[in-house]
Amino acid sequence: MERPVIRVKDLYKIYTIGTNKVRALNGVDFSIHKGEFCCIVGTSGSGKSTLLNMMAGLEKPTKGEIIIAGEHIEKKSESQLVNFRQAHVGFIFQSYNLMQNLTAIENVAMPLTFQGVGKKEREARAVKMLKLVGLSKYMKHRPGQMSGGQQQRVGIARALVVNPEIVFADEPTGNLDSNTTMEVLHLIQKIVHEQQQTMIMVTHDNHLASYGDRIIHISDGKILKIEDKRAEREAAAAVASEEQAAEPVPEAETAPEPAKEAEPFTITVPEYDPAKSGVPAEMAGGPKKKKN
Ligand SMILES: Nc1ncnc2c1ncn2[C@@H]1O[C@H](COP(=O)(O)OP(=O)(O)OP(=O)(O)O)[C@@H](O)[C@H]1O
Ligand SMILES: [Mg+2]
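Reading guide: rules and limits
- Residues numbered from 1 in each chain as written.
- Chains lettered and ligands numbered in written order.
- Predicted model: local features only at pLDDT ≥ 70, side-chain atom pairs only at ≥ 80, totals over all residues.
- Pairing = 2+ DSSP bridges.
- Helix = DSSP H or I, 4+ residues; strand = E, 2+ residues; numbered from the N terminus.
- pLDDT = per-residue confidence, 0-100.
- Contact = placed C-beta atoms within 7 Å.
- Buried ≥ 20, exposed ≤ 12 C-beta atoms within 10 Å, placed from the backbone.

## So, the sheet that holds strand β5 (residues 71–72)
Line of reasoning, step 1. Taking strand neighbours across the sheet as the criterion, the four strands line up as β2-β1-β4-β5 in an open arrangement whose pairing is antiparallel. Edge positions in the sheet fall to β2 (20–32) and β5, since each has one partner strand and no second.
Line of reasoning, step 2. Note: strand β4 (residues 63–68) against β5, two bridges, orientation antiparallel. In the sheet register, Ile68 faces β5, and the bridge partner there is Glu71.

Rendered as structure tokens:
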């Protein structure tokens, strides 16, 4: 098996408030492989966001190691982390975090500015990405002129436009209705698989988590269990092909069904939720911190 793209070793995060100690992460160990759609699932307060923030280098662990693409995240300085995130990581937020005064194209093109990509190419890539997420008709719309689901599609396009190796998403469908949630989830899954990216999604919803290739169940800062769906599928396929080899099957008489075309996106939530969260400016499309 290939080397894991993310390795978390014996990770602890203990918050001290007065005399009270909160063990938000209480000894966590796991690996995530390239191309996996990994879901971290658990109830409110179980430590999901803490874990994601730690992997993204937004918070320092109390103890333990986080190795991403061969680099120790916990040892990096703030400015090294800014550069690391820009080079390797995309983020999708629950509250979209779009710039309200910019159009969809401008929002999606923003991360490319930090990479020094020229204006024409930025726009071309933003347009391509917006088409991919089904927003051809909304290129010039500002966030306030779009539904929640549409805004989240812009958020996805913005996270993926730089073609990051790793995409982190904290409850990306938390503000959406159930139909839009499934559309957005399938969209994320499709793009991430097509581009061979590694996706880590946090959710409190077991059903959503069941779409993951790897499902990490967390409770009170500890891992309860890890399901490896890919390994399960491969094992089942191996058993099936062994059975097939033992007993040759007659040729199929009917032609296989043609592949079903993807359904067009229908957005039914004309609700606008203003983006509010204390994320670093460079992740939300704001100005980049000066490099050292
Ligand atoms: N900055 C902080 N200071 C003190 N305690 C914190 C801090 N951040 C998180 N915690 C505590 O750590 C624990 C885990 O919090 P975390 O935000 O990771 O949970 P979560 O699984 O993401 O929950 P939710 O589903 O509600 O978002 C909680 O008990 C929380 O109160
Ligand atoms: Mg959380």
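## Focus: the confidence of the model for the chain
Line of reasoning, step 1. Predicted confidence across the chain gives a mean pLDDT of 86, with 84% of residues reaching 70 or more.
Line of reasoning, step 2. Mean pLDDT per element in the chain: helix α8 (residues 229–246) is the minimum at 87, and strand β9 (residues 214–219) is the maximum at 98.
Line of reasoning, step 3. Of the regions scoring below 50 in pLDDT, residues 262–277 engages in 28 contacts with residues more than four places distant in sequence or in other chains.
Line of reasoning, step 4. Here residues 288–292 is modelled with pLDDT under 50, and outside its nearest four sequence neighbours on either side it reaches nine contacts, counting other chains as well.

## Remarks on the pairing of strand β7 (residues 166–170)
Line of reasoning, step 1. Burial analysis of β7 places five of its five residues in the buried class, which makes it a mostly covered element.
Line of reasoning, step 2. Residues Ile166, Phe168 and Asp170 point to one face of β7 and Val167 and Ala169 to the other, with burial holding for every one of them.
Line of reasoning, step 3. In the sheet, strand β6 (residues 89–92) pairs with β7 via four bridges, with the strands oriented parallel. Across the sheet, the residue bridging to Gly90 is Val167, located in β7.

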